[in-house]
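# Architecture and fold: a report
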Amino acid sequence: MVAAMYGVRSFFFSAVIVILFASRFGDATAADRGYIKYKDPKVAVEERVEDLLIRMTLPEKLGQMCQIDRFNFSISTRPTDIFTKYMIGSVLSNPFDTGKNISQRILDINVMKKLSLTTRLGIPLLYAIDAVHGHNTFINATIFPHNVGLGATRDPQLVKKIGAITAQEVRATGVAQAFAPCVAVCRDPRWGRCYESYSEDPAVVNMMTESIIDGLQGNAPYIADPKINVAGCAKHFVGDGGTINGINENNTVADNATLFGIHMPPFEIAVKKGIASIMASYSSLNGVKMHANRAMITDYLKNTLRFQGFVISDWFGIDRITPIPKSNYTYSIEASINAGIDMVMVPWAYPEYLEKLTKLVNGGYIPMSRIDDAVRRILRVKFSIGLFENSLADEKLATPEFGSEAHREVAREAVRKSMVLLKNGKTDADKIVPLPKKVKKIVVAGRHANDMGWQCGGFTLSWQGFNGTGEDIPANKKLGIPTGKTRGTTILEAIQKAVDPTTEVVYVEEPNQDTAKLHADAAYTIVVVGETPYAETRGDSPTLGIADPGPNTLRWTCGSGMKCLVILVTGRPLVMEPYLDMIDALAVAWLPGTEGQGVADVLFGDHPFTGTLPRTWMKHVVQLPMNVGDKYYDPLYPFGYGINT
């Protein structure tokens, strides 16, 4: 039943829609004969916004303030009502929405967009998607290292290129907005979203925020070129990286120095760069839920910083204002809209949301001035990014550049520049990096070496990531979502390509007590361990330990006398002190994405290690939170550390 309800398929009503579009759009054109200011692209955006706003009825305004999941079109018995009755203004693809066929996705999106144009005023649909390390929900897209890895590169120009490539690949599938970048400043690696943060240091986050927005939006307010850029969304406002004990969606206790010196600056930069939208955080600030925090959203973000785009809720974000989600939905709607939320990511119960919102407005609980402000901001973005002139997705944009070798070369560059070498030899005279390519035999050990999903981490093809190649994602199968093998190079494949043809490479997925004896003739062993994929709350960790069977993998290789280099595939520092004495060399691969060849590039000396720690590496979790600049600072490896080869 679940699979049938949520299954992704081509819209069964396509033919009906084409007929409906022709008839309804023809009628609208006839009714709108003569000059209409908001349809004139030569008129200034603000004039077009005001001209359209005064023509809109209350249902048309409230529909613009609602974003729904695209699966509603598959499960609704009357999908045309989504626009013709409820006037929905925005649709998103959720993190499970894996795409396989670009042309089919564009066709499906255009069906929805054409429906939006059949409404009385012809206001085009805004389509959005998560794209946090490349176009990460789409099979065969270029997947880059997560933000923590980009922070390790300290290369803003590279990050700008990554933003531009992400935008191009998102646009190629007909999507106009990306829910990126995440500009959180993670202050405690126990937080399950820490890999989405560039660094614990706001200076690094600020630098990368500016560059990624330039890449996504094209160094212009809202968008530079609707053919190759996307509207960005800075998230999550504000303080989500500073919650108590790193617990996701928890409370951040912050004085003004902490708030405005650490967590706010990236958003100030985003506003100056003309970011199209900002997403509110699930978390609280000094006890006040951010989705209901008028002082921060309206008084500071909108009135003080003069943010001109729109503020959007997170997924079911307003539901979580109450301790028991949605236990008082009317209150949650009133509190969030009056606080300054402009568009609500519903994403399913839109009839209920719109009904309650209508009653709140008609009852005077939400003033019409607040509704007009929200709709004005949404329309401003839609006009500014060219939706009224280029409403439909262009199949010509689905070029061979999607997932191309050129794009993957940039991702490979990002991987090698993000790699951080923490240890190189047990003594200064015993360096083992770079590794020799031509030896009799090497052993590669650990499942992380040959698992594309574990290499990419969360928010890849599925919300919580995947295991293996991407051909079998249980969560997606349950929802009836098609999956398939995604392109890329695992670390094992990269090593096999990099070494001399005469070198024997033996892969041992899970070593045991006999491994060291069986392979005593190996010149060295490359051991790949780390974390398994996670996202958001599922990633919260009070222990920060290496995932099983990683500890035993280390024990039966490095701990059994084999000469070993350990690659730690992780989105944050893990407890490593107990293993250091047995390890000859230690390198960190920050959830590198699909291009594992970048790992081999630095292991074998084709390129030097240049990455530096974007986070302080603690000795024990009891030291946390511990960040650079703290009075008591005793790390295993300090912020900014990294051996340059």
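Residues numbered from 1 in each chain as written. Predicted model: local features only at pLDDT ≥ 70, side-chain atom pairs only at ≥ 80, totals over all residues. Heavy atoms only, no water.

With an unreviewed UniProt entry as reference, the protein is termed Glycoside hydrolase superfamily, source organism Arabidopsis thaliana x Arabidopsis arenosa.

### Quick notes on the overall build of the protein
For the record, the criterion: Counting from the N terminus, the helices are DSSP H or I runs at least four residues long and the strands are E runs at least two residues long. Exposure categories follow from relative accessible area, calculated using a 1.4 Å probe and restricted to protein chains: below 20% of the type maximum is buried, above 50% is exposed, and the middle band is partly exposed. Throughout, a contact is declared for two residues whenever any of their heavy atoms are within 4.5 Å. Using the Shrake-Rupley algorithm and a 1.4 Å probe, accessible areas are obtained, with residue cover drawn only from the displayed protein chains. Under the counting rule used here, the positive set is Lys and Arg, the negative set is Asp and Glu, and His together with the chain ends is not counted. By convention, the point assigned to a charge is CZ for Arg, NZ for Lys, CD for Glu and CG for Asp.
If you tally the helices and strands in the protein, you get 23 helices and 17 strands. Sorting the 645 residues of the protein into buried and exposed places 63% on the buried side. Counting contacts in the protein only where the partners sit at least 6 residues apart, residues at least 24 apart contribute 78% of the total. A total of about 22800 Å² of accessible surface is found on the protein, and carbon and sulfur atoms cover 53% of it. For the protein, the centre of its 67 positive side-chain charges and the centre of its 66 negative side-chain charges are spaced 4 Å apart.

### Here's the deal with the side chain of T490
Considering the arrangement of structural elements, one finds T490 in the loop between helix 19 (474-478) and helix 20 (491-498). Setting aside residues up to four positions removed in sequence, T490 forms contacts with A449, N450, D451, M452, Q455 and G596.

### Considerations on the packing of helix 10 (residues 202-218) against helix 12 (residues 265-272)
Threshold: In this analysis an axis means a line fitted to C-alpha atoms, helices contributing only their contacting stretch, and an angle means the value between N-to-C directions, from 0 to 180 degrees. Put simply, angles under 35 degrees are roughly parallel, angles over 145 are roughly antiparallel, angles from 65 to 115 are roughly perpendicular, and the rest are oblique. With the far helix as reference, a near helix turned anticlockwise by less than a right angle produces a left-handed crossing, and one turned clockwise produces a right-handed crossing. Each residue receives one of three labels: charged for Asp, Glu, Lys and Arg, nonpolar for Ala, Val, Leu, Ile, Met, Phe, Trp, Tyr, Cys and Pro, and polar for the others, Gly being one of them.
Look at helix 10 against helix 12: their axes get within 9 Å of each other, and the N-to-C directions meet at 25°. Compared by their axis directions, helix 10 and helix 12 come out roughly parallel. For the element pair helix 10 and helix 12, the recorded crossing hand is right-handed. For the pair helix 10 and helix 12, contact is made by V205, N206, T209, E210 and I213 and by P265, P266, I269 and A270, respectively. Residue composition of the contact of helix 10 with helix 12, grouped by class: six nonpolar, two polar and one charged.

### A closer look at the nonpolar core
In plain terms, the rule: In this description, a nonpolar core means a group of buried Ala, Val, Leu, Ile, Met, Phe, Trp, Tyr and Cys residues linked to one another through side-chain atoms lying within 4.5 Å.
In terms of nonpolar packing, the biggest core is built from 113 residues, with F237 and Y353 touching the most fellow members. It is helix 16 (residues 368-384) that contributes the most residues to this core, seven residues altogether. Beyond its immediate sequence surroundings of up to four residues, Y353 is in contact with M65, C66, I318, Y329, I333, I337, V344 and V346. Membership of the second largest hydrophobic core comes to 74 residues, among which are Y195, L565, V575 and A589.

### Points about the pattern of salt bridges
Stated formally: Between Lys or Arg on one side and Asp or Glu on the other, a salt bridge is scored when a side-chain nitrogen of the former is within 4 Å of a carboxyl oxygen of the latter.
For the coordinates displayed, the defined rule picks out 35 salt bridges. A salt bridge links E60 to R120; the shortest N-O distance between them is 2.8 Å. Separated by 60 residues along the polypeptide, E60 in helix 4 (residues 58-64) and R120 in the loop between helix 7 (102-117) and strand 3 (126-129) bring together distant segments of the chain. Here R416 ties to D601 by a salt bridge, and the two come within 3.1 Å at their closest N and O atoms. Residue R416 is found in helix 17 (residues 405-418), and its partner D601 is found in helix 23 (residues 597-603); the two are separated by 185 residues along the sequence.

### Quick word on the state of the cysteines
The term disulfide refers to a covalent linkage connecting the sulfur atoms of a pair of cysteines. Convention followed: We call a pair of cysteine sulfur atoms a disulfide when they lie within 2.5 Å.
Following the criterion strictly, the structure yields two disulfides and no others. Between the sulfur atoms of C186 and its disulfide partner C194 the distance amounts to 2.1 Å. One disulfide, between C186 and C194, carries an S-S torsion of -105° and so falls in the left-handed class. Taking the relative accessible area as the measure of exposure, C186 reaches 0% and is therefore buried. What pairs with C558 in a disulfide is C564, and their sulfur atoms sit 2.1 Å apart. Looking along the S-S bond of the C558-C564 disulfide, the torsion reads about 125°, which is the right-handed sense. Judged by relative accessible area, which is 0%, C564 ranks as buried.

### Some details on the sheet that holds strand 6 (residues 251-252)
Rules: When DSSP finds two or more bridges between two strands, those strands count as paired.
Spatial ordering of the open sheet is given by 6-8-9, a layout of three strands whose pairing is mixed. Among the strands making up the open sheet, the edge pair consists of strand 6 and strand 9 (288-289). Inspection of the sheet shows strand 8 (residues 284-285) paired to strand 9 by two bridges, in the antiparallel sense. Bridge pairing links L285 to V288 in strand 9.

### A look at helix 12
Extensive coverage of helix 12 is indicated by the burial of six of its eight residues. Listing the buried residues of helix 12 in full gives P265, P266, F267, I269, A270 and V271. In this structure, the buried residues of helix 12 make contact with helix 10, strand 5 (233-237), helix 11 (256-263), strand 7 (277-280) and helix 13 (294-304). Positive backbone phi, at 80°, marks G274, one or two positions downstream of helix 12.

### What about the environment of I321?
If you trace the backbone, I321 turns up in the loop between strand 10 (310-312) and helix 14 (329-339). In this structure, the C-alpha to C-alpha distance between I321 and S336, residues 15 residues apart in sequence, is 8.3 Å. Leave out the neighbours within four places in its chain, and I321 touches K289, H291, A292, Y331, S332 and S336.

### Concerning the pairing of strand 7
Residues S277 and M279 of strand 7 are buried on one face, and the alternating residues I278 and A280, pointing to the opposite face, are buried as well. Relative to strand 7, strand 5 runs parallel, the two sharing four bridges. Of the residues in strand 7, the one forming a bridge with A234 is I278.

### A word on the sheet that holds strand 1 (residues 66-69)
Pairing is parallel across the open sheet formed by five strands, whose spatial order is 4-3-2-1-11. Lying at the two open borders of the sheet, with one neighbouring strand each, are strand 4 (177-178) and strand 11 (344-345). Two elements, strand 1 and strand 2 (residues 90-93), share three bridges in a ladder whose sense is parallel. Paired with D69 across the bridge in strand 2 is L92.

### Concerning the environment of Y127
Note that Y127 resides in strand 3. Separated by 281 residues in the primary sequence, Y127 and R408 place their C-alpha atoms 26 Å from one another.

### Looking at the environment of P156
Topologically, P156 is positioned in helix 9 (residues 156-171). The partly exposed category is assigned to P156, whose relative accessible area is 23%. C-alpha separation for the pair P156 and E210, spaced 54 residues apart in sequence, amounts to 8.3 Å. Ignoring sequence-local partners within four residues, the contact set of P156 consists of M207, M208 and S211.

### Describing the packing of helix 9 against helix 10
How two helices sit against one another is set out by the angle between their axes and by the gap between those axes. Viewed as axis vectors pointing N to C, helix 9 and helix 10 meet at an angle of 35°, and their least axial separation amounts to 7 Å. The way helix 9 lies across helix 10 gives a crossing that is right-handed. When helix 9 is examined against helix 10, the residues P156, V159, K160, G163, A164, T166 and A167 are found in contact with a partner set consisting of M207, M208, S211, I212, D214, G215 and L216. Residues belonging to the contact of helix 9 with helix 10 are distributed by class as follows: eight nonpolar, four polar and two charged.

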